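The chain contents come next:
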Amino acid sequence: MMLVNYIGSFALVVLGIYCMVVKHNMIKTIIGMGLVDYGANLLIVSIGFNAGGTAPIFSIAELDPSSFFVDPVPQALTLTSIVIGACTTAMSLSLVIRMREQYGTLDTRKIRRLNG
């Protein structure tokens, strides 16, 4: 089951990089950035997963050598990454709106030609 997560995260990252490199529409480039972010988040969560593990919430009486816990650090990093990704996407979209108002197009090739 974990192999599917790794393949999925790799596919999301590759598809996102493809969108950022090949597409000339700025909205599609932002979607590609989001796909890379989602792929990285899936990879981080998949690495931190332990099959059969329990939540790391315990008391001293419950702790024994056979206890097997899931690492909470990758989950915390992923939550932070989701917030940063949402802020980055919002900022990118606001810049795209300003570029559309300024140049009248979202095509990066035409915008490059307008600046010289």
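Now for a look at the structure at hand.

**Points about the nonpolar core**
Part 1: By size, the foremost hydrophobic cluster in this structure holds 5 residues: Met 26, Ile 30, Val 96, Leu 106 and Ile 111.
Part 2: Setting aside residues no more than four positions away along its own chain, Leu 106 makes contact with His 24, Asn 25, Met 26, Ile 27, Val 96 and Arg 100.

**Some words on helix α3 (residues 73–103)**
Part 1: In this model, α3 (31 residues) spans 44 Å end to end at C-alpha, consistent with the 45 Å of a helix rising 1.5 Å per residue.
Part 2: All buried positions along α3 are accounted for by Pro 74, Thr 78, Ser 81, Gly 85, Ser 92 and Val 96.
Part 3: Just downstream of α3 lies Gly 104, where phi reads positive at about 80°.

**Some thoughts on the packing of helix α1 (residues 2–22) against helix α2 (residues 26–48)**
Part 1: Relative orientation of the contacting elements α1 and α2 amounts to 160°, with a least axis distance of 7 Å. Between α1 and α2, the interaxial angle falls into the category roughly antiparallel. By crossing handedness, the relation of α1 to α2 is classed as left-handed.
Part 2: Class assignment for the residues of the contact of α1 with α2 results in 16 nonpolar, 8 polar and 1 charged.

**Remarks on the pattern of salt bridges**
Part 1: Applying the stated rule across the entire model yields 2 salt bridges.
Part 2: Across the pair Arg 98 and Glu 101 runs a salt bridge, and its minimum N-O distance is 2.9 Å. Taken together, the residues Arg 98 and Glu 101, both in helix α3 and 3 residues apart, mark about one turn of the helix.
Part 3: Its salt-bridge partner being Asp 107, residue Arg 109 comes within 3.3 Å of it at the nearest N-O pair.
Part 4: Classification of Arg 109 by relative accessible area gives partly exposed; the value is 40%.

Calculation criteria
Residues numbered from 1 in each chain as written. Predicted model: local features only at pLDDT ≥ 70, side-chain atom pairs only at ≥ 80, totals over all residues. Heavy atoms only, no water. Core = buried A, V, L, I, M, F, W, Y, C linked by side-chain atoms within 4.5 Å. Buried < 20%, exposed > 50% of the residue type's maximum accessible area, 1.4 Å probe, protein only. Contact = heavy atoms within 4.5 Å. Helix = DSSP H or I, 4+ residues; strand = E, 2+ residues; numbered from the N terminus. Expected span 1.5 Å × (residues − 1). Axes fitted to C-alpha atoms, helices over the stretch in contact; angles between N-to-C directions. Parallel < 35°, antiparallel > 145°, perpendicular 65-115°, else oblique. Left-handed = near helix turned anticlockwise from the far one by under 90°. Nonpolar A, V, L, I, M, F, W, Y, C, P; charged D, E, K, R; others polar. Salt bridge = Lys/Arg side-chain N within 4 Å of Asp/Glu carboxyl O.

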